[in-house]
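Spelled out from the first residue to the last, the chains are:
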Amino acid sequence: MTICIIAEKPSVARDIARIVGANSKQQGYLQGGGYLVTWAMGHLITLAMPEAYGYGAYKAEDLPIRPNLFQLIVRQIRKGKEYSDDTAALKQLKAIRHCFTEADRIIVATDAGREGELIFRYIYDYLKCSKPFDRLWISSLTDKAIREGLAQVKSGRDYDNLYHSAKARSEADWLVGINASRALSIARKGGYSLGRVQTPTLAMVCRRYLENKHFASVPYWKLCAETDKDGIIIKVVSTDSFSDETVAQQALSTLRSAGKLSVVSVSRKTGTTAPPLLYDLTALQKEANRKHSFSADKTLSIAQTLYEKKVTTYPRTGSRYISEDVFDEVGSILLTLGVALPTPLNRHSVDNSKVTDHHAIIPTGEKVSNLSSDESIIYQMIRTRFIEAFSPNSEEERMQVELSDGSQNYTWKACHVLLLGWKAVAKEQVKPKSNDTEEDEEQMLSILPSLTEGEVLSLRSADMTNHKTKPKPLYTEATLLSAMEYAGKEVDDAESKRAMADCGIGTPATRANIIETLILREYIRREKKSIVPTEKGLAVYDIVKDRRIANAEMTGAWEVALAAIEAGSASAAQFNQRICEYTAQICEELLKLSPPQKSYPSYHCPKCGKESVGIYSKIAKCRAEGCDFVIFREVCGTFLSEDNLRDLITTKRTPILKGLVSKAGKKFNARLVLGNDFKTTFEFEGKKR
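Residues numbered from 1 in each chain as written. Predicted model: local features only at pLDDT ≥ 70, side-chain atom pairs only at ≥ 80, totals over all residues. Heavy atoms only, no water.

Caption draft 1: Focus on the pairing of strand β27 (residues 657-661). Note that β27 and strand β28 (residues 667-674) share three bridges and pair antiparallel. When the sheet's bridge partners are listed, V661 is paired in β28 with K667. The hairpin formed by β27 and β28 contains five residues between the paired strands, and G665 there has a positive phi angle of roughly 90 degrees. (Pairing = 2+ DSSP bridges. Helix = DSSP H or I, 4+ residues; strand = E, 2+ residues; numbered from the N terminus.)

Caption draft 2: How the structure looks around the side chain of S139. Mapped onto the fold, S139 is located in the loop between β10 (133-135) and α4 (143-151). Polar contacts involving the side chain of S139 include one to the side chain of H358, which spans 2.9 Å. Other than its neighbours up to four places away in sequence, S139 contacts Y307, T313, Y314, H358 and H359. (Polar contact = N/O pair within 3.5 Å; in protein donor to acceptor, adjacent residues only side chain to side chain. Contact = heavy atoms within 4.5 Å.)

Caption draft 3: A look at the nonpolar core. Within the largest apolar cluster, 86 residues are counted, with the highest numbers of intra-cluster contacts made by F100, I106, I123, V544 and F575. Among the elements that make up this core, the one with the highest residue count is helix α5 (residues 160-188) (12 residues). If you look at the next biggest cluster of nonpolar residues, it comprises 33 residues, including I322, I378, F386 and I387. (Core = buried A, V, L, I, M, F, W, Y, C linked by side-chain atoms within 4.5 Å. Buried < 20%, exposed > 50% of the residue type's maximum accessible area, 1.4 Å probe, protein only.)

Caption draft 4: Inspection of the packing of aromatic side chains at higher detail. If you walk through the whole model with that rule in mind, you get 15 aromatic pairs. Between Y307 and Y314 the ring centres are 5.4 Å apart and the planes differ by 75 degrees, which places this aromatic pair in the edge-to-face class. Judged on exposure class, the residue Y307 and its partner Y314 are both buried. Summarising the aromatic geometry, the rings of F327 and F390 are spaced 6.0 Å apart at their centres and angled 35 degrees between planes, so their arrangement reads as tilted. Remark: F390 occurs in the loop between α11 (373-389) and β15 (394-404) and F327 occurs in helix α10 (residues 324-336); sequence separation between them is 63 residues. Taken as a pair, F327 and F390 share a single burial class, namely buried. Three or more aromatic residues joined by ring pairs form one cluster here, namely F100, F120, Y124 and F133. Positioned above the aromatic ring of F294, the side-chain terminus of K298 is 4.2 Å from the ring centre. (Phe/Tyr/Trp six-rings, centres within 6.5 Å; stacked < 30°, edge-to-face > 60°. Lys NZ or Arg CZ within 6 Å of the ring centre and 35° of its normal.)

Here you go:
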């Protein structure tokens with residue numbers, strides 16, 4: 001019997017081929033020991049574009065386009081304005097066809113997830129293959145895992161629901177993306193790209209950006225004071241804030257006059273803190289972005305490489321737990337990592353019911369070598385989290401005290417660590433989270449003072465602090481991933497997070513790609529650590545912000561439905577019908593939009609004097625005939641805002657621009673100045689250049 005094994009990538013195919021003895025290299029596959037081992041190179045087969053169904057021109061009367069039967073085609077590449085078959089895909093497809101023809105049986109070894117299943121099934125259907133197939137389902141690529149997986153393959157038909165979910169997702173994205181993009185392009189006479197997932201994500205970024213930009217900051221004041229007990233400095237903060245500075249000054253005078261604070265109440269509690277859960281892909285991406293400024297796409301790429309190097313498990317997982325059988329291996333993995341934890345091991349991350357297709361990302365225990373610096377960073381994050389997760393809980397004694405000067409109340413919070421537990425692993429989690437406001441901070445103390453209700457403490461000092469209300473910060477890649485995970489909802493408590501995580505936008509495996517797609521289409525961009533919309537993105541948002549296509553919660557509901565199809569509790573046909581109805585509704589909404597009236601803010605040209613300078617996506621230039629005044633928006637790696645350009649045009653100088661990058665790659669700060677020759681130069685603090 002000849003068996004064909006099809007993997008998703010050549011590197012995985014080589015590992016499997018070595019184990020089954022297929023050592024003879026052929027064109028597009030490996031052969032030997034009764035096996036033919038080939039690979040797919042990602043999505044070799046895709047859904048055909050509208051032109052294949054006879055819809056070349058953009059016509060309102062053709063919408064919505066809903067193929068009765070979707071056609072499959074070989075992956076396309078763009079050459080100029082035309083698309084043609086990818087020659088590399090055609091070549092590999094020929095090798096796969098040969099392997100399928102020669103084999104008596106097929107083993108599917110594409111990535112064990114929704115997209116991996118779709119990659120194989122599309123190839124299988126496109127080649128009109130009818131050979132029986134089994135499924136290899138593993139979470140790591142160690143030799144042991146591959147051997148055990150090959151010994152326990154299941155019938156491929158056991159994964160039909162996974163395929164139905166993947167196919168429904170693929171067709172839904174085609175229906176919504178193609179039809180919405182065409183409808184808006186027809187209505188607004190331009191080239192627009194909308195999508196089932198990308199447009200709600202863009203809407204979230206734009207909404208947060210506009211809220212931040214238009215936020216009106218309001219000043220307020222708080223009182224702070226210092227006292228002491230048992231040689232310990234106690235820093236208290238007023239419970240209430242003051243919106244009027246005069247009232248705050250009066251309260252400060254009262255406090256200073258009193259010269260003392262009375263203890264109103266004392267609360268002391270001893271408790272434990274469980275270690276953080278193991279990483280799923282989204283949690284790993286968020287942490288890598290927050291700590292190391294890695295993009296979500298970069299983190300996914302590195303995690304995939306670590307998986308293929310056999311040192312960590314499958315990265316595209318949405319679970320932060322492991323099952324009981326994996327827990328049985330934890331002790332031996334810890335020993336290979338050179339760690340001996342006290343027993344019993346912490347079971348906080350062990351829950352069979354919360355492991356779906358794959359468990360959390362963990363080290364395999366394989367020897368680590370030849371990692372790049374970035375790979376080492378991600379590997380050490382996974383390794384550290386693994387050790388933390390099975391370490392003992394930390395123990396703390398917390399103290400909260402309320403004090404009064406007779407007219408105002410004050411609070412003080414302190415924490416004394418009794419047992420570091422898991423916090424000793426990374427030695428950096430001792431400090432509690434802070435919201436950048438002193439009143440929310442705990443004082444970390446080696447011993448807590450003995451305070452009693454009614455006790456009077458003398459003041460050492462008292463003062464007033466000035467604050468301003470702050471807008472919600474711009475999204476970073478980490479916070480945008482969180483927003484996508486919870487369908488745009490502001491979710492704080494753990495119970496709500498668990499409930500909302502089932503209806504996020506996209507999946508852990510696709511969210512990075514969504515962000516990169518929006519950047520590629522110039523709808524959003526990275527600005528230092530923040531994700532902000534471009535003018536193009538804001539223009540699209542302004543059009544669709546009140547339309548169904550931008551509704552994050554509705555998109556989250558589709559993800560829930562897709563998960564139900566995968567579980568076998570919902571019908572793919574019913575889902576498709578709802579998507580078709582939804583597509584018709586958004587087409588109707590978008591086609592009703594009237595063409596935009598073009599208007600640009602105009603400024604007096606410093607060169608010709610006419611009110612004819614317009615600001616565009618990449619430049620500011622004079623529209624007057626014969627005038628060549630122009631300013632490019634990107635300067636030394638920094639994108640000039642509209643305010644920066646307005647200042648430069650009207651006052652001939654910007655504020656200090658921070659984070660400019662020289663040709664040598666060094667960062668510097670400087671003003672941009674418009675010279676007498678109408679060219680821009682830099683001006684540094686203390687000297688001009």
